[in-house]
Amino acid sequence: MVLADLGKSITGALRKMTNSTTIDEAVLDDLLKEISRALLQADINVRQVTSLRNNVKAAVNFDEMASGLSRRRMIQKAVFDELLKMVDSGGKAYVPKKGKSNIIMFVGLQGSGKTTTCTKFAYHYQRKGWKVCLVCADTFRAGAFDQLRQNATKAKVPYYGSYTETDPVKLAIDGVEQFKAEGYEIIIVDTSGRHKQEEALFEEMKQVEQAVRPDDIVFVMDSSIGQTAFDQASAFKSQVSVGSVIITKLDGHAKGGGALSAVAATRSPIIFIGTGEHIQEFEPFVAKSFVQRLLGMGDVSGLVSA
Amino acid sequence: MLSFVTSIVSGKDLSEDDVRPALGKLKEQLMTKNVARDIADKICDSVCSSLISKRLESFTSVQSVVKSAIEDALTRILTPKQSVDILAEIKIAREQGRPYVIVFCGVNGVGKSTTLSKVAYWLTQNNLQVLIAACDTFRSGAVEQLRVHARNLDIPLYEKGYGKDAASIAKDAIRHGAEIGADVVLVDTAGRMQGNEPLMRALVKLVNVNKPDKILFVGEALVGNDAVDQLSEFNRLLGDLSTLPSPRLIDGIVLTKFDTIDDKVGAAVSMVYTTGQPIVFVGVGQTYMDLKRCNVKSLVKALLK
Ligand SMILES: Nc1nc2c(ncn2[C@@H]2O[C@H](COP(=O)(O)OP(=O)(O)OP(=O)(O)O)[C@@H](O)[C@H]2O)c(=O)[nH]1
Ligand SMILES: Nc1nc2c(ncn2[C@@H]2O[C@H](COP(=O)(O)OP(=O)(O)OP(=O)(O)O)[C@@H](O)[C@H]2O)c(=O)[nH]1
Ligand SMILES: [Mg+2]
Ligand SMILES: [Mg+2]
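No experiment lies behind these values; they were computed from the predicted model shown.

### Describing the pairing of strand 6 (residues 242-248) of chain A
All names here are of chain A.
Stage number 1. Among the seven residues in strand 6, seven count as buried, and that is most of the element.
Stage number 2. Across six bridges, the pairing between strand 5 (residues 216-222) and strand 6 is parallel. Paired with M221 across the strands is I247, a residue of strand 6.
Stage number 3. The handedness of the strand 5 to strand 6 crossover, carried by helix 9 (residues 229-239), is right-handed.
Stage number 4. Judged from the three bridges that link them, strand 6 and strand 7 (residues 270-274) form a sheet pairing that is parallel. Bridging across to strand 7, I247 finds its partner in I273.

### Points about the interface of chain B and chain A
Where interface size is given, it is often the accessible area lost as the parts come together that is meant.
Stage number 1. Taken together, the 39 residues of chain B in the interface contact 38 residues of chain A.
Stage number 2. Here chain B packs against chain A, burying approximately 3300 Å² in sum over the two surfaces, 47% of which is carbon and sulfur.
Stage number 3. For the chain B face of the interface with chain A, the top three residues by lost area are R37, S140 and Q286 of chain B, together amounting to 18%.
Stage number 4. Joining chain B to chain A, the criterion identifies three salt bridges.
Stage number 5. D231 of chain A is paired through a salt bridge with K264 of chain B; the nearest N and O atoms lie 2.7 Å apart.
Stage number 6. Joining chain B to chain A, the criterion identifies 25 residue pairs in polar contact (both at pLDDT 80 or more).
Stage number 7. Mapped onto the side of chain B that touches chain A, the elements with two or more residues apiece are helix 2 (16-32), helix 3 (37-51), helix 7 (142-153) and helix 10 (226-240) of chain B.
Stage number 8. Taken together, the residues that form the side of chain B that touches chain A break down as nine nonpolar, 16 polar and 14 charged.

### Description of the state of the cysteines
Residues and elements named next belong to chain B.
Stage number 1. The tally for this structure, following the rule as stated, stands at zero disulfides over all chains.
Stage number 2. Summary of cysteine pairing: C44 is not part of a disulfide, and the nearest cysteine sulfur, belonging to C48, is at 8.8 Å.
Stage number 3. Cysteine C294 is unpaired, with the sulfur of C105 as its nearest cysteine sulfur at 19 Å.

### Details of the packing of helix 4 (residues 62-78) of chain B against helix 12 (residues 296-304) of chain B
Residue and element names in this part refer to chain B.
Stage number 1. Here helix 4 crosses helix 12 at 140°, and the two axes come no closer than 10 Å. Looking at the two axes, helix 4 sits oblique to helix 12. In the packing of helix 4 onto helix 12, the handedness of the crossing is right-handed. Packed against helix 4, whose contacting residues are K67, I70, E71, L74, T75 and L78, the element helix 12 presents V296, L299, V300, L303 and L304 at the interface.
Stage number 2. Taken together, the residues that form the contact of helix 4 with helix 12 break down as eight nonpolar, one polar and two charged.

### Focus: the site of ligand 1
Stage number 1. Taken together, 23 residues are adjacent to ligand 1, and K114, T116, R141, D251 and E277 of chain A come closest.
Stage number 2. More than one chain reaches ligand 1: its neighbouring residues belong to chains A and B.
Stage number 3. In this structure, T116 of chain A approaches ligand 1 through a side-chain N or O atom, which is 2.5 Å from an oxygen atom.
Stage number 4. In isolation ligand 1 has 650 Å² of accessible area, and contact with the protein removes 96% of it.
Stage number 5. A per-element tally of the shell around ligand 1 places helix 5 (residues 114-127) of chain A first, with four residues.
Stage number 6. Of the residues assigned to the shell around ligand 1, the class counts are two nonpolar, 13 polar and eight charged.

### Quick notes on the sheet that holds strand 1 (residues 100-105) of chain B
Residues and elements named next belong to chain B.
Stage number 1. Ordered in space as 3-2-4-1-5-6-7-8, the eight strands form an open sheet in which the pairing is mixed. Every interior strand has two partners, whereas the edge strands, strand 3 (157-158) and strand 8 (291-292), have only one.
Stage number 2. Of the strand pairs in this sheet, strand 6 (residues 252-256) and strand 7 (residues 279-283) are connected by three bridges, and their pairing is parallel. Paired with I253 across the strands is I279, a residue of strand 7.
Stage number 3. This element, helix 11 (residues 267-275), spans strand 5 (214-220), strand 6 and strand 7 of the sheet and lies at about 165° to strand 6.

Thresholds applied
Position numbers for residues count from 1 along each chain, tracking the sequence in the order it is written. Chains and ligands are labelled by the order in which they are written, letters from A for the one and numbers from 1 for the other. Where local features are concerned, this predicted model is filtered to residues with pLDDT of at least 70; where side-chain atom pairs are given and counted, the filter is 80 or more; whole-chain, interface and lining totals use all residues. Processing note: side-chain calculations cover all non-hydrogen atoms of the structure and skip hydrogens and water entirely. Buried means the residue's accessible area, taken with a 1.4 Å probe over protein chains only, is under 20% of the maximum for its type, while exposed means over 50%, and partly exposed covers the values in between. Helix and strand assignments follow DSSP, with helices taken as H or I runs no shorter than four residues and strands as E runs no shorter than two, numbered in order from the N terminus. DSSP bridges decide pairing: two strands pair if at least two such bridges lie between them. When the strands point away from the viewer, a crossover counts as right-handed if the route from the first strand across the helix to the second turns clockwise. Contacts are assigned to residue pairs with any non-hydrogen atoms lying within 4.5 Å of each other. Defined in terms of a 1.4 Å probe, buried area is the accessible area two parts forfeit on being brought together, summed over both. Only one rule defines a salt bridge in this text: a Lys or Arg side-chain nitrogen within 4 Å of an Asp or Glu carboxyl oxygen. Nitrogen and oxygen atoms within 3.5 Å of one another constitute a polar contact, given that in protein one can donate a hydrogen and the other can accept it, and given that sequence-neighbouring residues count only through two side-chain atoms. Amino acids outside the nonpolar list (Ala, Val, Leu, Ile, Met, Phe, Trp, Tyr, Cys, Pro) and the charged list (Asp, Glu, Lys, Arg) are all regarded as polar, and Gly is one of them. For the purposes of this analysis, a disulfide is any pair of cysteine sulfur atoms at a distance within 2.5 Å. Every axis in this analysis is a line fitted to C-alpha atoms, fitted for helices over the stretch in contact. Angles between the N-to-C directions lie between 0 and 180 degrees. Small angles under 35 degrees read as roughly parallel and large ones over 145 as roughly antiparallel, with 65 to 115 read as roughly perpendicular and the rest as oblique. Left-handed is the label given to a crossing in which the near helix is rotated counterclockwise from the far helix by less than a right angle, and right-handed is the label when the rotation is clockwise. To be near a molecule or strand, a residue needs just one of its heavy atoms within 4 Å of it. To be clear on the numbers: accessible area is Shrake-Rupley with a 1.4 Å probe, and residue cover counts the displayed protein chains and nothing else.

Shown next as structure tokens:
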């Protein structure tokens, strides 16, 4: 399972706390130290780990709590809340609307999995009966249009692109216009990989956004990314209206924490995760049940209402 | 004033208690710079034990002693044990009348095919004849991607489309390379997750059948703690899944996307520490010219800045 090791370490630490006879500051400090170690190993941003630690400490007030039982529950709940906050931005994801053309633009770092994920996304909605299509606005990467074309053909999704046009903005406009006119409901625009250090690439992304006025911009992030995740994700968010996040390659061993930092940076929800190279290896993401599974909690009602 | 006095422990043997606070701060710094946690732990532990019961000279602070010990440790880790001179090795292969073979491997999307093209460009700049072998027969567009590069660089491409066995395409490509007098055959492979055993088995087969001169692991500078797992698993499975008496492991590392990480250069440390193999090339952009050598001194400086 995604982040399984992290979940194990955290539940282990919580259980150890539950087993100790008295629960005081020292026990809490030990618990937080262990949880912090696990989070750092999972690539969670160092700053976020520090703030989780401080927030849990602030939420637990030893003076006001009488019994050991309520202390335990209070601490568990504080940890749960903080983890949930990390995964759940609180923002609502864009939901495509029937009977109109929903334009969804994909952006992200080089090689993060945009083109592959565009097709998975298209396939997901197509199977639910939507009229979907793909536009290749990547004129930079060698073989980009062939990649999208072959993927789209496998998924039987209509596509638009060109071997000769070199202007991604023009391609995006032309593709979107054509599919809009044909009444497509979900028009997905794939773009080149880019990074914050190269201004011209960010400028191009803004131009594509202005040209096609997407209903949602999906930021695609590789689950193996480390401490750079937060910086890059924030930079994307500051330039275009990122509204959702998709985390890819969770079939590897990556703990995914770096990518979770992207949620904090973009203040946008994770809508799907990618779990393989094949088109159907794609799952909707629900933050709350994710954290519940992470902590090995079948039923958290006790915790949540505490 | 008080803090100044406490930071000087002159003329005294250092104890773990003296060293740990300063080390703790440096460890957090290394992790912030994207060194994997386990590796940061190991480096700090070994620095700690090397410092304990060392005599602290007058007027040096614990902080500065610890920092310079970490600096030495990082420099030692990152400095290659032996120099890698691919051009010299190619020359030897040429004298033996056979093409020199380099295989590029790694997880998905890290920059294998792009790096291969940059290396091809660098080799042609050194007046060598290059053949590219398209052995990623799985990912959509992989063959066409290489075809574009081959055309741009005016280099021949050996390809057999999709769905075929990568090991035998590589074999045919190497034979073809020998026929056309290529000095070097560059073998592109499909990206694969380190835990994907069937795909790792296919890589081992490619290696066993073709006995490349160099196996380069391509990893991206963006990667966090997974760097350790990627490299140790690739190496472990290359060993465990091989049927050869002395299996071939990773010979060197290519660190890509170095232009996307500012000063968070810690993946370099994680990767080199895990394998003990050198960083042969560093990728710093998306054009053919963006291939560099690793500068250990500036890496260490960035880590401790
Ligand atoms: N194992 C695994 N591989 C994935 C997943 N998603 C994408 N990939 C692979 O990651 C690699 C890069 O994917 P692409 O879709 O080309 O990435 P991109 O972001 O479009 O790349 P650029 O356009 O060059 O920036 C390919 O080998 C994909 O097959 C996933 O969820 N799991
Ligand atoms: N900024 C930057 N981008 C790079 C660098 N190296 C490769 N890339 C980009 O990363 C993306 C993926 O590169 P590829 O060469 O296709 O990666 P790959 O490992 O062959 O991918 P798969 O074959 O799908 O596993 C492309 O958009 C490249 O342009 C680099 O050093 N810097
Ligand atoms: Mg792409
Ligand atoms: Mg490739």
